Amino acid sequence: MCRGINLFNSKKIDEMKKSIDKWEKTTLEESLKLKSERKKEFFTSSNIVVKRVYTPLDIANKDYLKEIGLPGEYPFTRGIHATMYRARIWTMRQFAGFGTAEQTNKRFKYLLQHGETGLSVAFDFPTLCGYDSDDLMSKGEVGACGVAVDTLKDMEILFEGIPLNKVTTSMTINGPAATIWSMYIVTAEKQGAKKEELGGTIQNDILKEYMAQKSFIFPPEPSLKLVVDTIEYASKYLPKWNPISISGYHIREAGANAVQELAFTLADGLTYVEATLERGLKVDDFAPRLSFFFACHNNFFEEIAKFRAARRIWAREMKERFQAKKKRSLWLRFHTQTSGCTLTAQQPYNNIVRVAIQALAAVLGGTQSLHTNSMDEALSLPTEFAVRIALRTQQIIAHESGVTDTIDPLGGSYYVEWLTDKMEEECYKYFDKIDKLGGVVEGIKRGFFQKEIANSAHKYQEGIDKGEIIVVGVNGYATEELMPVPIFRIEPEVEKKQIERLKRVKMERNSKKVEEAIDQLKKAAEKEENLMPYIINAVKEYATLGEITKALKEIYGEYHELLIY
Amino acid sequence: MMAEKIRVLLAKPGLDGHDRGIKVVARALRDSGMEVIYLGIRNTPEQIVETAIQEDVDVIGLSILSGSHMYHFPRILQLLKERKAEDIVVIGGGIIPQEDKEKLEKMGVKAIFGPGTSTQEIIKKIKELIGNKKN
C-alpha cells in the first residue's frame, strides 16, 4: 500500500502536527488536571485501543481512490452501488417461523401486509438438523423455535397464496440445505413459476456450523461437496438465486468479537470459492451469487468499520487472488441482523433502543437487507406486536432520519477510516493464522475457531461479572420491578399435528417410487455426482427430510463436535 | 469430606445448538474448583441421566434456548426418579419464561437462571444447594 501524505497538503499536515503537540501540552493537560478520564484505556469490542481523538493525521497517508474510492467502484469501501439507498431502500426482511406451516404462512402474510419486502424462514431444530418430526431426537422441539418441515407437503402449505416468482425468500438452513431448497424449488414449480425466475437465498454455510450454531450433520468434507453441488446447480438453473449466505452472525452470537466475525466469515467465503473452482466452475460464473450475512452489535463505529472493511477485503481477494473480472464478482452483498445476544430479559423495553442503534449502524455500513430483532426475544419468540415495532424501527431509519439521502455519510471520518483500516489489518492477521493451520477445514478439525470463540465469550462474561462492561438493566441501573411483556406461546398440539400430517403423507405417497428415488440418490452420492437432481426427484415423491438425510449419512457418516469450552 | 469437589454434569438436551452460555458456565464452574463433565450438544434425556449416574455427579445443569424446556426438564426429573437417583440436583438456564420457570421449580428443578445471570450467582447457588444436601 502507498504510504506518504496523500490526502492533505504536507505543509498543512506539519502545521497540524505542531498544533496537536501544543494542544496536548496545554488544552488537554489542563483538562486532565481538572478531571481525569473515566478509564485508563478505551477499547472496541475487539480490543482495539481507541484514541482520544482522531485527526487528519490518522488518514493523511491514505490513497483515496485506491483504498476508499467511489460508491459502485472498486474497492467498494463506500458501497457496492453508485446510488445506494437514494435509489432503493434495503430489503426489510424479518426472520419468522414457528409451529406448523399453516401458522407461519399466516405470519408471513401479516408481515407482507405491513410492508415487509422479502420473506425469511426460521425452521425448527429437527428440520435444521435433518430429523423428521416423529424422530426420537425431535421430541419437545417440533415447531418450537421455527417451523417444522418434513416433506414437500409442509413447504406447499408454508407458501400457499404467496407467489414465489414475486417475493424473494431467505431460508436459514444449512446441514440439509440441498433438501429444503429442493422442496422450495418444487413448490414454486407447482405454483407455475419457472426456476430461472426464483429469487432468494439459502444460508447453506456449513463451515460456520462447526464453529457456531452447530446444526451440522455430516463431516466437513462431504458437507463442503454438497455446498458446491448447490452453487453449481444455481449457476446453471437459478441465476437469480443466492445459493449461499456466508454467515458471521452465528459466529458473533456464539461469542466472537467483531474482528473474529469478519475474519472467520471471509475465510469461510474464500474456502467456498476455492472448493467451487476445484469443481471446475469459472469464478465469474458463480461469484456474483455469493452473499453474506453479518451481525450488528452495539459498538456503533466498530460495526460500521467492519462492514466497510469487509467489502474492501472481499473485493481485493476476488480480484487479486481469484482474478475475477465481473464487477458483480467483487461485490460483497450482505444481510444484517441486529444482535440477539445483546438483548436483555431485564427491562425488555430497553431493547427497542439497542435494536435501533444497531440497525442504524447496519444502514450506515451499507447493508443490502436487514432484520431487526424484537424487544422480547430474550424471553421467547416475538409477539406480533413486538415484531411490528422492530419493523417500524427500520422504516423510521429509512424515511425519517435522513441517513439514506447520501451515500456512506461516515466515509472520510478520521475515526471511521482509521478503524476500517485497523479491522482490515487485524483480519489479515487471522488469515495468516488460518493459512498456517492448513486452512479453514483443518482449523475446524483442530478446534481453533471453537476455542477462539469460547475464549471471547468467556472474556466478555468476565467483563460483565467484574463490572468492567456495563449492560444497562442487568449489572447497571437494575431495578427490582418486573417489566412484563406479553409472551408468545407455541400451542402444545403442534408436535401431534405435525406427526399426524407426516403419517398421512407417508400413507398417500407411492412408497415404491420413494424407495427408488432414495436408492438412486445413494448411488449418485457414492459416485460423487452432483446430488441436486436426485434430491429434487426424491422430494417430488414426498420422501421425507429425515429419509433423505439418513440415506446420505449412510454414505458420508456423521459429525460429532469437539468438546471445547 | 470438605475437600471433596462438587461434581457437575453440564449438557444440552435435544437439538438446540446455542452453546455459548453453557460453555461460559462450564469454564466458570471449573475455575471455581468444581469438577465439570461437559457433554456438549444433542443429548437425549436418557443419555444425560445415564452419564449422571455413571459419573456419580451432584448436579445436572441443563441449558435450553430452543423452547423445549417444558419437555426436557420434566423428562429428566422423571428418569432420575425411575432410576432412584433423585438426590442428583437438577438446575438449568436458557430462554425460559417466568411462568414456566415457576412450574418447573414446582416440579423439582432447583434453580433456573435466565439471561443476564452472573456466573458468581450460579456458583453461589450450587454451593448452597449441595452444601444443604450434604449437611
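Here the structure is a predicted model, which is why all the values come from computation and not from measurement.

**Observations regarding the environment of Met211 of chain A**
All names here are of chain A.
And step 1. The topology assignment puts Met211 in helix H7 (residues 207–211).
And step 2. Linking Met211 and Glu561, residues 350 residues apart in sequence, is a C-alpha distance of 9.4 Å.
And step 3. Not counting residues within four places of it along the chain, the set of residues in contact with Met211 comprises Ile251, Phe264, Asp268, Val440, Ile444, Phe449, Gln450 and Ile453.

**Some details on the domain arrangement of chain A**
Residues and elements named next belong to chain A.
And step 1. You can read the domains of chain A as domain 1 (10–65) and domain 2 (74–433 + 453–465).
And step 2. The centre of domain 1, based on its C-alpha atoms, is set 36 Å off from the matching centre of domain 2.
And step 3. In this assembly, 17 residues from domain 1 lie in contact with 21 residues from domain 2.
And step 4. With its nearest N and O atoms 2.7 Å apart, the salt bridge here joins Asp421 to Lys62.
And step 5. Put simply, the parts of the chain that give the side of domain 1 that touches domain 2 at least two residues each are strand S2 (49–50) and helix H2 (64–68).

**Topic: the pattern of salt bridges**
And step 1. By the definition in use, this model includes 47 salt bridges over all chains.
And step 2. Taken together, the shared-partner salt bridges in this structure form one network comprising Lys62, Glu67, Arg312, Arg316, Asp421 and Glu424 of chain A.

**A closer look at the sheet that holds strand S9 (residues 290–296) of chain A**
Residues and elements named next belong to chain A.
And step 1. Across the sheet, which stays open at both edges, the nine strands sit in the order S7-S6-S5-S4-S3-S11-S10-S9-S8 with parallel pairing between neighbours. Two strands in the sheet have a free side with no partner beyond their single neighbour: strand S7 (241–242) and strand S8 (244–247).
And step 2. Along the sheet, helix H6 (residues 177–191) contacts strand S5 (169–171), strand S6 (200–202) and S7; its crossing angle with S5, the most-contacted strand, is approximately 155°.
And step 3. Against the sheet, helix H14 (residues 350–364) touches S9, strand S10 (334–338) and strand S11 (369–371), its axis set at about 165° to S10.

**Observations regarding the sheet that holds strand S2 (residues 35–38) of chain B**
All names here are of chain B.
And step 1. Taken together, the five strands give an open sheet; going across it, the order is S2-S1-S3-S4-S5, and neighbouring strands pair in parallel fashion. In this open sheet, the two edge strands, each paired with only one partner strand, are S2 and strand S5 (111–113). Neighbour-to-neighbour, the strand axes of this sheet turn through a mean angle of 20°, independent of strand direction.
And step 2. Pairing between strand S3 (residues 59–64) and strand S4 (residues 89–94): six bridges, direction parallel. Residue Ile64 lies in a different strand from S4, and its bridge partner there is Gly94.

The rules behind the values
- Each chain has its residues counted from 1, following the order in which its sequence is written.
- Labels are handed out in written order, letters beginning with A for the chains and numbers beginning with 1 for the ligands.
- Only residues with pLDDT of at least 70 are given local features in this predicted model, and only at 80 or more are side-chain atom pairs given and counted; all residues enter the totals for whole chains, interfaces and linings.
- Hydrogen atoms and water are omitted, and side-chain values are computed over all heavy atoms in the structure.
- A helix here means a DSSP run of H or I that spans at least four residues, while a strand means a run of E at least two residues long, and both kinds are numbered starting from the N terminus.
- The criterion used for residue contact is that any of the two residues' heavy atoms lie within 4.5 Å.
- For every domain, the bounds stem from an assignment made automatically or drawn from a database.
- Here, a salt bridge means any Lys or Arg side-chain nitrogen found within 4 Å of an Asp or Glu carboxyl oxygen.
- Only strands that DSSP links by at least two bridges are regarded as paired with each other.
- Under this scheme, a helix contributes an axis fitted over its contacting stretch, all axes are lines through C-alpha atoms, and angles between N-to-C directions fall in the 0 to 180 degree range.

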